[in-house]
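# Observations on the three-dimensional arrangement
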Amino acid sequence: MKREVKILGLSYSQSQVGSYVCVLSEVNGHRKLPIIIKAQDAQTIALKIEGMKSPRPLTHDVFKTLSESFQLDCQEAYIYKVLEGVFYSKIVMNNGIDDSEIETTAGDAIALSLVFDSPLYVDEDVLSSC
């Protein structure tokens, strides 16, 4: 079962140099999920949270522009599994007719959900295990 989450916070990781921690919080719930993400994903997330725009397009913005050029829209981002500390995620893209699931990193899934303004979900089993 999917649970909708929102971004609670973003901070520099003390345990993994060059990485950041993105804390997700369950919507209509109290559980929180910390996820280690890359600096590039953290940059996109921070800019979107603050409502700022980069002077040059970031990778996630390029992905959105390409998607829009081909009439694709991101329906949702979904963190569906955690295995040995690795989070497995995907985004669901739609062309107006069909859905396509694209495997991503958790950081990319979070960033793209913000870039596309689409919902972000975490599987119940993932929330329960962390």
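Residues numbered from 1 in each chain as written. Predicted model: local features only at pLDDT ≥ 70, side-chain atom pairs only at ≥ 80, totals over all residues. Heavy atoms only, no water.

## Some remarks on the pattern of salt bridges
- Using the criterion set out here, one finds nine salt bridges in the structure.
- Lys38 is the salt-bridge partner of Asp108, the closest N and O atoms lying 4.0 Å from each other. With a gap of 70 residues between them, Asp108 in helix H3 (residues 106–115) and Lys38 in strand S3 (residues 32–38) connect regions that are remote in the sequence.
- Here Lys38 falls in the partly exposed class, since its relative accessible area comes to 41%.
- Measuring nitrogen to oxygen at the nearest pair gives 3.6 Å for the salt bridge that ties Glu68 to Lys64. Here Glu68 and its partner Lys64 are both found in helix H2 (residues 59–69), four residues apart, which amounts to about one turn of the helix.
- The exposure class of Glu68 is partly exposed, given its relative accessible area of 45%.
- Residues joined in a network through salt bridges with shared partners are Arg3, Glu26, Arg31 and Glu124. (Salt bridge = Lys/Arg side-chain N within 4 Å of Asp/Glu carboxyl O. Helix = DSSP H or I, 4+ residues; strand = E, 2+ residues; numbered from the N terminus. Buried < 20%, exposed > 50% of the residue type's maximum accessible area, 1.4 Å probe, protein only.)

## Structural notes on unusual backbone geometry
- You will see that Gln71, though not glycine, has its phi angle at about 55°, which is positive.
- Among the structural elements, Gln71 can be located in the loop between H2 and strand S4 (73–83).
- Even without a glycine there, the phi angle at Glu84 is positive, about 50°.
- Tracing the backbone shows Glu84 in the loop between S4 and strand S5 (86–94).
- Classification of Glu84 by relative accessible area gives exposed; the value is 81%.

## Looking at the sheet that holds strand S1 (residues 2–12)
- Taken together, seven strands build an open sheet; the order of strands is S3-S2-S1-S7-S4-S5-S6 and the sheet is mixed. At either margin of the open sheet sits one strand with a lone partner, and together these are S3 and strand S6 (99–104). Pairwise comparison of adjacent strand axes, ignoring direction, gives a mean angle of 35° for this sheet.
- Bridge analysis of S1 against strand S2 (residues 19–26) gives seven bridges, and the strand direction is antiparallel. Across the sheet, the residue bridging to Leu10 is Cys22, located in S2.
- Packed onto the sheet, helix H1 (residues 39–50) meets S1, S2 and S3 and runs at close to 120° relative to S3. (Pairing = 2+ DSSP bridges. Axes fitted to C-alpha atoms, helices over the stretch in contact; angles between N-to-C directions. Contact = heavy atoms within 4.5 Å.)

## Describing the confidence of the model for the protein chain
- Confidence in the prediction of the protein chain, expressed as mean pLDDT, is 94, and 100% of residues score 70 or more.
- Per-element confidence in the protein chain is highest for strand S7 (residues 120–123), whose mean pLDDT is 98, and lowest for helix H4 (residues 124–129), whose mean pLDDT is 92. (pLDDT = per-residue confidence, 0-100.)

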